[in-house]
Amino acid sequence: MNRVGIGYDAHRFIPGRKLVIGGVAIDYSRGLEGHSDADVLIHAIMDAMLGAAGMGDLGTHFPDSDPAYKGISSLKLLKEVAGIIREAGFDAVNIDGIIVAQEPRMSPYIGKMKANIADTVGLHPARVNVKATTTEGMGFEGRKEGIGAQAVVLLSERQHSTLEEKGDAML
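Residues numbered from 1 in each chain as written. Predicted model: local features only at pLDDT ≥ 70, side-chain atom pairs only at ≥ 80, totals over all residues. Heavy atoms only, no water.

Kindly report on the side chain of His43, identifying the contributing residues and their values.
Within the fold, His43 resides in helix H1 (residues 40–52). Among the polar contacts listed, one links the side chain of His43 to the side chain of Ser74, at a separation of 2.8 Å. Sequence-distant contacts of His43, that is, excluding residues within four places in its chain, are made with Asp9, His11, Ser36, Asp37, Ala38, Leu58 and Ser74. (Helix = DSSP H or I, 4+ residues; strand = E, 2+ residues; numbered from the N terminus. Polar contact = N/O pair within 3.5 Å; in protein donor to acceptor, adjacent residues only side chain to side chain. Contact = heavy atoms within 4.5 Å.)

Here it is as structure tokens:
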């Protein structure tokens with residue numbers, strides 16, 4: 001059985017912080033505010049994965065009230081989420097993400113973002129797509145107040161190899 005999940009995240013810009021999107025440090029004058037590294041693309045992907053598996057959201061698994069996640073790389077959290085969904089009997093099939101930002105330009109970084117995500121989740125890079133768009137000056141992204149991201153993930157439920165496992169899965 002296949003399952004689809006959608007994720008969304010947004011963070012405001014703040015001065016004095018590194019900008020990280022898709023696990024890539026981007027040369028820009030401001031970073032994003034957040035408890036972890038505030039990587040909106042990776043956060044949207046994790047929410048999509050957890051949603052497709054019916055396992056809540058990012059805040060359920062990694063609450064921002066927990067000091068253990070202060071400043072943590074979102075790629076580390078993505079690796080944990082990939083493990084969580086595998087333990088639940090799912091494999092990621094493909095990931096499609098979009099970054100919504102008036103600036104900075106994302107195109108020079110997209111190849112590395114795709115590679116980071118594919119490597120972290122254990123997918124062939126052809127099964128990961130990342131794109132970026134502006135809002136033509138509209139909304140908070142268009143006013144250069146922050147960055148948003150959306151992601152869609154397809155998961156496939158692993159087939160059980162024995163009758164005993166099939167019976168356990170039906171419980």
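I'd like a rundown of the side chain of Ser74, residues and numbers included.
Topologically, Ser74 is positioned in helix H3 (residues 74–87). Exposure remark for Ser74: the relative accessible area of 0% places this residue in the buried category. Among the polar contacts listed, one links the side chain of Ser74 to the side chain of Asp37, at a separation of 2.5 Å. When neighbours within four sequence positions are excluded, Ser74 is seen to be in contact with Ser36, Asp37, Asp39, Ile42, His43 and Met46. (Buried < 20%, exposed > 50% of the residue type's maximum accessible area, 1.4 Å probe, protein only.)

Run through the packing of aromatic side chains, naming residues and quoting values.
Scanning the entire structure with this criterion turns up two aromatic pairs. Each ring, one from Phe13 and one from Tyr28, has its centre 5.3 Å from the other, and the planes form 40°; the classification is tilted. With Phe13 in strand S1 (residues 2–15) and Tyr28 in the loop between strand S3 (24–26) and strand S4 (30–32), this residue pair connects regions lying 15 residues apart in the sequence. An identical accessibility class is assigned to Phe13 and Tyr28; each is buried. With 5.3 Å between their ring centres and 85° between their planes, Phe62 and Tyr69 make a pair best called edge-to-face. On the basis of relative accessibility, which here comes to 8%, the residue Phe62 falls in the buried class. By relative accessible area, which is 16% here, Tyr69 ends up buried. (Phe/Tyr/Trp six-rings, centres within 6.5 Å; stacked < 30°, edge-to-face > 60°.)

Give me the lowdown on unusual backbone geometry, citing residues and values where you can.
With an omega of 0°, the peptide bond between Glu103 and Pro104 qualifies as cis. Summarising the element assignment, Pro104 is placed in the loop between strand S5 (90–100) and helix H4 (110–121). Backbone geometry at Ala38 places phi at a positive 65°, although glycine is not the residue there. Relative to the helices and strands, Ala38 resides in the loop between S4 and H1.

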